[in-house]
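Letter by letter, the chains look like this.
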Amino acid sequence: MTDKLMSATGLSVSFGSRAQRIAAVRDVSLTLGAGESIGIVGESGSGKSTLARILAGLQRPDAGTVLFRGQPVYANGQAYAGDLRRQVQMVFQDPYGSLNPRMTALAAVAEACRFHDSCAAAAAQEKSLRLLASMGITPEDARKKPRALSGGQRQRVSVARALCANPSILVADEPTSAIDQSAQAQLLNLFNGLIGRGLAIVLISHDLAVIRYLAKRVYVMCEGVFVESGTTLDVFDRPQHAYTKALIASIPGRKPRQTRP
Amino acid sequence: MTAAPLVDIRDLKIGIERGRGEKLVVVDSASLRLRRGEMLGLIGESGSGKTMLCRSLIGTLRRRGAVILSGSILFGDLDLAQADERIWRDVRGRRVGYVPQSALAGPNPVMTIGAQLGEAIRRNASGDSSAVASRARELLDIVRIRRPDVVLKQYPNQLSGGMRQRVMIACAIAQSPELLVADEPTTGLDVTVQAEIMKLLRDIRTDMGMSIMLVSHDLALVDAVCDQIVVMHAGACVESGAVDQVAAPLHPYTAALNRSRIELAIPGSELVTIKGQSPAVGSWQPGCRFAERCGIVQADCRVGGHPPLVGPASGHRTSCLHPELMAAMP
Amino acid sequence: MIAGAATRPYREGRIGIAVGTTMLVAMLAAGLLVPLLSAYHPNELIAIPFQSPSWEFLFGTDQLGRDVFTRVFAAVYRDLGVAFLGVSIPLVIGTAVGILLSIAHNRILVALIASLIDAINALPLLVLAIALIALFGPGLQSIVLVLAMTNWARYARIARTRATLVNQQAYIEAARLLGYPRSRILLRHFVPNVSSETVAYALSDFILVIMLIAGLSFLSLGAAPPTAEWGVMMSEGRPFVQNAWWMTIFPGLALCWAGIALSFIAEGLSRRERGPGG
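Since the model is a prediction, treat every value here as computed from it, not as a measurement.

Conventions and cut-offs
Numbering of residues starts from 1 in every chain and runs along the sequence as written. By the order in which they are written, chains take letters starting at A while ligands take numbers starting at 1. Local features in this predicted model are restricted to residues whose pLDDT is 70 or higher, and side-chain atom pairs enter the listing and the counts only when it is 80 or higher, whereas totals over whole chains, interfaces and linings include all residues. Computation of side-chain values covers all heavy atoms of the structure but excludes hydrogens and water. Between two residues, a contact is recorded if the distance between any of their heavy atoms is within 4.5 Å. Buried area, as used here, totals the accessible surface that two parts lose on assembly, with accessibility defined by a 1.4 Å probe and the loss added over both. In what follows, salt bridge is the name for a side-chain nitrogen of Lys or Arg lying within 4 Å of a carboxyl oxygen of Asp or Glu. Polar contact criterion, stated in full: a pair of N or O atoms within 3.5 Å, where within protein one must be able to donate a hydrogen and the other to accept it, and residues adjacent in sequence count only if both atoms are side-chain atoms. Numbered from the N terminus, helices here are DSSP runs of H or I no shorter than four residues, and strands are runs of E no shorter than two. By the convention adopted, Pro, Cys, Tyr, Trp, Phe, Met, Ile, Leu, Val and Ala count as nonpolar, Lys, Arg, Asp and Glu as charged, and the other residues, Gly among them, as polar. Accessible area is worked out with a 1.4 Å probe on protein chains only. A residue is then buried under 20% of its type maximum, exposed over 50%, and partly exposed in between. Taking the helix axis as origin, the arc is that swept by the directions to the C-beta atoms. Two strands are said to pair when DSSP picks up at least two bridges between them. Convention adopted: a line fitted to C-alpha atoms gives each axis, helices being fitted over their contacting stretch, and angles between N-to-C directions are expressed from 0 to 180 degrees. Orientation labels follow simple angle bins: below 35 degrees gives roughly parallel, above 145 gives roughly antiparallel, 65 to 115 gives roughly perpendicular, and whatever is left gives oblique. In this scheme, a crossing is called left-handed if the near helix is turned counterclockwise away from the far one by less than a right angle; it is called right-handed if the turn is clockwise. The nonpolar core is taken to be a set of buried Ala, Val, Leu, Ile, Met, Phe, Trp, Tyr and Cys residues, with the residues joined through side-chain atoms within 4.5 Å. As used throughout, domain bounds are those supplied by an automatic or database domain assignment.

Visitor: Just give me the short version of the interface of chain C and chain A, but keep the residues and values in it.
Guide: Taken together, the contact between chain C and chain A spans 22 residues of the former and 30 residues of the latter. In this assembly, chain C packs against chain A so that about 2,200 Å² is buried in total across both faces, 57% of it on carbon and sulfur atoms. When residues of chain C are sorted by the area they lose upon contact with chain A, Glu173(C), Leu177(C) and Leu178(C) head the list and together hold 31% of the total. Across the chain C-chain A interface, the total number found is two salt bridges. Between Arg184(C) and Glu111(A) there is a salt bridge, with its nearest N and O atoms 2.4 Å apart. The interface formed by chain C and chain A includes eleven residue pairs in polar contact (both at pLDDT 80 or more). When residues of the side of chain C that touches chain A are traced back to their parent elements, those giving at least two are helix H1 (3-7), helix H8 (170-177) and helix H9 (182-218) of chain C. Residue classes in the side of chain C that touches chain A are distributed as eleven nonpolar, six polar and five charged.

Visitor: Run through the interface of chain B and chain A, naming residues and quoting values.
Guide: The partner chain A presents 28 residues to the 34 residues of chain B that form the contact. Counting each side, the surface lost to burial between chain B and chain A is near 2,800 Å², with a carbon and sulfur contribution of 54%. Summed over the three residues of chain B that lose the most area to chain A, namely Asp190(B), Val191(B) and Ile262(B), the buried surface amounts to 21% of that side. Counting across the interface, chain B meets chain A through zero salt bridges. Between chain B and chain A we count eleven residue pairs in polar contact (both at pLDDT 80 or more) in total. Broken down by element, the residue count for the side of chain B that touches chain A peaks at five residues, all from helix H8 (residues 219-225) of chain B. A breakdown of the residues in the side of chain B that touches chain A according to their chemical character gives 16 nonpolar, ten polar and eight charged.

Visitor: Go over helix H9 (residues 242-249) of chain A with me, naming the residues and quoting the values.
Guide: Buried within H9(A) are the following residues: Tyr243(A), Thr244(A), Leu247(A) and Ile248(A). Considered in projection along H9(A), the buried side chains sweep an arc of 135 degrees and stay on one side of the axis. Those residues of H9(A) that are exposed and aimed more than 90 degrees away from the buried face are Ala242(A) and Ala249(A). On its buried side, H9(A) packs onto helix H7 (208-214), strand E9 (217-222), strand E10 (225-231) and helix H8 (232-237) of chain A together with helix H7 (191-208) of chain B.

Visitor: Provide a residue-level description of the sheet that holds strand E4 (residues 63-68) of chain A, including the pertinent values.
Guide: Residue and element names in this part refer to chain A. Pairing in this open sheet of four strands is antiparallel, and the strands run E2-E1-E4-E5 from one edge to the other. The open sheet has two free edges, formed respectively by strand E2 (21-32) and strand E5 (71-72), since each of these has just one partner strand. As defined by bridge partners, strand E1 (residues 6-16) adjoins E4 across five bridges and the pair is classed as antiparallel. Bridging across to E4, Ser7 finds its partner in Leu67. Running over the sheet, helix H1 (residues 48-56) touches E1, E2 and E4 and is turned about 125 degrees from E1.

Visitor: Give a description of the packing of helix H2 (residues 105-117) of chain A against helix H3 (residues 121-133) of chain A that names residues and reports values.
Guide: Residue and element names in this part refer to chain A. H3 packs onto H2 with a crossing angle of 120 degrees between their chain directions and a minimal axis gap of 8 Å. In terms of their interaxial angle, H2 and H3 are classed as oblique. Remark: the crossing between H2 and H3 carries right-handed chirality. Contacts between H2 and H3 involve Ala105, Leu106, Val109, Ala110, Cys113, Arg114 and Asp117 from the former and Ala121, Ala124, Gln125, Lys127, Ser128, Leu129, Leu131 and Leu132 from the latter. For the contact of H2 with H3, the class distribution of residues is ten nonpolar, two polar and three charged.

Visitor: Got a sec to walk through the nonpolar core? Specific residues and values, please.
Guide: Counting residues in each nonpolar core, the largest one holds 68 residues, and the members touching the most others are Leu132(A), Val157(A), Val159(A), Leu188(A) and Phe191(A). Residue contributions to this core peak at eight residues, all from helix H6 (residues 181-196) of chain A. Counting contributing residues, this core receives three or more from each of domain 2 (89-168 + 178-199) and domain 3 (228-253) of chain A. Once you skip the residues sitting within four places of it in the chain, Leu188(A) turns out to touch Thr176(A), Val210(A), Tyr213(A), Leu214(A), Ile262(B) and Leu271(B).

Here it is as structure tokens:
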């Protein structure tokens, strides 16, 4: 257990007034190793986004613990206090709200760069331009404000900004849901490359194709609980739980048609 | 079956008014044929013009500041491209039904389901209320909503997203139209709900002989449920044909879309991406608009107007000038 | 989304902004130069009263024999300057209060201040202003004071609504995740996105406040004679409108000019925000 990068045990959180409480997450446990990619798949209302926020330190759970490298994340004060904060970063679903509309892409990334590397403004700009270029954002596009960029480009800028903190874990909450198919492929290739370089990724999605492609292990979530978990191959080929079976069965055309290359 | 198509769109060109007589062309060289009782999937990325094409079939272009610049939309005995508002008022709802995107529009939040269905059934004519009520129940039954008497009294916010879409479908088919246009009807809905709605649409097609035009960005979905696929890129229809035919594509864009499908990729391998981005409206170059992103582009691809769809009338058509080079694609 | 259209540099609204700014700059320049270069002093009783416009007195003379032309332009900085204060002070106070309200934790305090804001906003500004000036006594300083005390509430409401919205945006959460200190998040990410809304409102408010100042002065509640101020001038000219129309018309035109210039700018900016097809 101690060699796991992150582990969560018995997480629970509920919302609402005293009269009507809705349990968004109920007694959820998971583990994540360094450089590993796990997926959390579920439909709307399953609680997966809330779980993502708990793991990232944005939502304090009512019960349960989250350990990062053996240290509790939700200690008395703030979550991920001090230097720990940069270790877990997040990519959000909505590319349109993920970037400050008044800052250019370059400015947003350079700000993160300067903050985390305490380098001079010019050096930070250099680094940011190179980082963005490695993600397919040209220097010309980098100087644009978010409204002039496409959804896929905005997501990649968000990832670049998150990487400036040099995190060990990236939590991606439905990163591909709001962008075009070709932009999805680009983003997933990017994630793949990052996994290859040692970044651990928690991928939250309702899109089973994306999960199957990127995640080595998967947790299936339904109404706040994990109903099944295992390696992606196992869960997809031999689903055990009724809900998992229903999910797999509703993937359009399980059998791909023959395509001539 | 070589019966005349229900919908025959030929070289449609749509532009947006930009003030001072200027028009920004958003659809150019769009052609497609939809037969009776057929389900057609219109595939395209955002900016491809598929929504505009959709609007031209239900006559809401003018409301959006767009006009048809040239081309024709033959629908039975009418040319909808020439239709004025009077004709549209008759066609809309009665001959062409529309199901909007689930995330954007939906049933009117301040009316009960029963009231809205009643509106769709009556269509401004007064109706015997018991006949209307029984037709409403019949429609809810077609769209597989259980306990119709309860649902008729409910308001949209009491229903789930999937049920709301079923209600929209019920309203759209209330007049038994010949054509149903569904613009991304399952976007934003859970995948299990999506599967049910798609099955429902297929059954409506089979049982009621209705033609359905399904607009989507999801190739896997369209592949699984539709009879015909039409692929749009940068405002033009670049390929069309039966689903099996398009699986062996004759246009580089379709081939690239096929190859970049995530569900067919080997986990962990590099996903194929399509180079570049589709040219933004207003900056279209002459010739084929896929030229900048194409792996087999030739000199003649960049001249003249956008190549039209060519091929057998009811078969596999492509706008690529050099489909024979596709075997050699990287 | 049509990415290409948005990347075209702000073509929309350019004409409006250009025209409005030119008009405003022209007025400000004239407000500076005319009193400086004019042969007459705005308060000097140098000539025969009620002279109609001529080459010597371009806008004629008023009931005390003062040159209307010089007076109209001497009033520029007074009217616009007081209006500027009457807008910028509420802008700053209101934006700050609105932002603080949206991030405060003390529910009771928030509820109290929110009720105060609602109460102030419920009353028409003009009526409130007149009532308060009755308390403080007439004068331009009173107007600025009254505006500072009341107009901030309108800005606070806008700022609070906007701040609540911005607070929920992912980029604010991303900033927290990146470990930015609260001060940085507040100043670099929060405030600029909230104030963009209040500053836009301030521009249209500016026009209203100019009218308010002139109006109050017209009612003898603002600037007092012999001050050169458009409202005062129109008030003084009112009894003589039939015979000496120039005393009222020219200050009125100056007021219109300022209002139209600012309207052009405001419309141009809002067109730019909306983008093409807006």
